[in-house]
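# Fold and contact review
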Amino acid sequence: MAWLKSLPDNAVRRLTKVLVRTVHLVGFAGVFGHAMMQTSGSVYLYLTVVSGVILVIMEASSGVIWLVQFRGVSVYLKLLLLLLMHLNPEDAIPYLIAVTVLSGFTSHAPSWIRYFSFQHGRVVHSTNDQLG
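Presented here is a report on the structure given in the accompanying data block.

This part is about the pattern of salt bridges. Scanning all chains against the criterion turns up 3 salt bridges. Where Lys17 meets Glu59, a salt bridge forms, and the shortest distance between an N and an O atom there is 3.0 Å. Of this pair, Lys17 sits in helix 2 (residues 11–37) while Glu59 sits in helix 3 (residues 42–60); the two residues are 42 residues apart in sequence, bridging distant segments of the chain. Classification of Glu59 by relative accessible area gives buried; the value is 13%. Here Arg71 makes a salt bridge to Glu59, at a shortest N to O gap of 3.6 Å. Of the two residues, Arg71 sits in helix 4 (residues 70–87) while Glu59 sits in helix 3, which places them 12 residues apart along the sequence. According to the relative accessible area criterion, Arg71 is buried, its value standing at 10%.

Printed below as a string of structure tokens:
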């Protein structure tokens, strides 16, 4: 177990986030697939919701600033899109595509976008930000 001591301080947290994100993607893919087939797949919805809640908790635990940064606000927008999808199930595919586009953009946007704070009107980093 000596190799475990040689890992960076945030290695376990980063690996955990990667694993939870992977579960989240599998769940979302299942939800999207079921929407395309016009069937229901509660196990995929369950995976998506539970992993999404875990991801939000992990992100917000790095600092409450996350809640007003673009990366946090994008979660609110995705939840709004999912609520609209629930209210208009016949339009599920466009809503899920919008969630996918917003997720992809947010994940791969430069840090000056992801860390932009709507409250402060500028980029703000938390002293507790955890990579991963």
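Next up on the list: the layout of surface pockets. In this model, the largest pocket occupies a volume close to 1600 Å³. Surrounding the largest pocket, 46 residues form its lining, His24, Thr48, Lys78, Val99 and Ser103 being those nearest its centre. Listing elements by their share of the lining of the largest pocket, those giving two or more residues are helix 2, helix 3, helix 4 and helix 5 (92–108). Sort the elements by how many residues they give to the lining of the largest pocket and helix 2 lands first, with 10 residues. When its residues are assigned to classes, the lining of the largest pocket shows 21 nonpolar, 18 polar and 7 charged.

Attention shifts here to the nonpolar core. Core analysis: the largest hydrophobic core is formed by 9 residues, namely Phe28, Val31, Phe32, Leu81, Met85, Ala92, Tyr95, Leu96 and Val99. If you list the elements that add at least two residues to this core, you get helix 2, helix 4 and helix 5. The greatest single-element share of this core, amounting to 4 residues, is contributed by helix 5. For Met85, the contacting residues outside a window of four places in its chain are Ala92, Tyr95 and Leu96.

Right, let's talk about helix 4 for a bit. In a regular helix each residue adds 1.5 Å, so 18 residues correspond to 26 Å; helix 4 covers 25 Å between its end C-alpha atoms and thus fits that length. Here helix 4 has its buried residues at Phe70, Arg71, Gly72, Val73, Ser74, Val75, Lys78, Leu81 and Met85. Considering only its buried residues, helix 4 is in contact with helix 3, helix 5, helix 6 (111–114) and strand 1 (116–117).

This part is about helix 3. For helix 3, spanning 19 residues, the distance from its first C-alpha to its last is 27 Å, which sits close to the expected 27 Å at 1.5 Å a residue. Three or more residues of helix 3 are buried, namely Thr48, Ser51, Gly52, Leu55, Met58 and Glu59. Considered in projection along helix 3, the buried side chains sweep an arc of 125° and stay on one side of the axis. Away from the buried face of helix 3 by more than 90 degrees, exposed residues Ser42, Tyr46 and Ile57 are located. Buried-residue contacts for helix 3 involve helix 2 and helix 4.

What counts and what doesn't
What you see as residue numbers is a count from 1 along each chain, following the sequence as written. For a predicted model such as this one, the threshold for reporting local features is a pLDDT of at least 70, and the threshold for listing and counting side-chain atom pairs is 80 or more; totals across whole chains, interfaces and linings nevertheless cover every residue. The side-chain quantities take in all heavy atoms of the structure and omit both hydrogens and water. In the sections that follow, a salt bridge refers to a side-chain nitrogen of Lys or Arg positioned within 4 Å of a carboxyl oxygen of Asp or Glu. Where helices and strands are cited, they refer to DSSP runs of H or I of at least four residues and of E of at least two residues respectively, numbered from the N terminus. For each residue, the accessible area found with a 1.4 Å probe, counting protein chains only, is set against the maximum for its type, and the residue is called buried under 20%, exposed over 50%, and partly exposed in between. Cavities and pockets are defined on a 1 Å grid built over the protein atoms alone: a cavity is a set of grid points where a 1.4 Å probe fits but cannot escape, while a pocket is an open set with protein on both sides within 12 Å along at least five of seven lines, and lining residues are those with an atom within 4 Å of any such point. Grid points are joined across faces, edges and corners, and a volume is the space filled by probe spheres set on the points. Gly counts as polar in this scheme, as do all residues outside two lists: the nonpolar Ala, Val, Leu, Ile, Met, Phe, Trp, Tyr, Cys and Pro, and the charged Asp, Glu, Lys and Arg. Throughout, nonpolar core names a set of buried Ala, Val, Leu, Ile, Met, Phe, Trp, Tyr and Cys residues whose side chains join them through atoms within 4.5 Å. Here, residues are in contact when the closest pair of their heavy atoms is within 4.5 Å. An expected span of 1.5 Å times one less than the residue number is assigned to each helix. Of all possible arcs, the one meant is that of the directions from the helix axis to the C-beta atoms.

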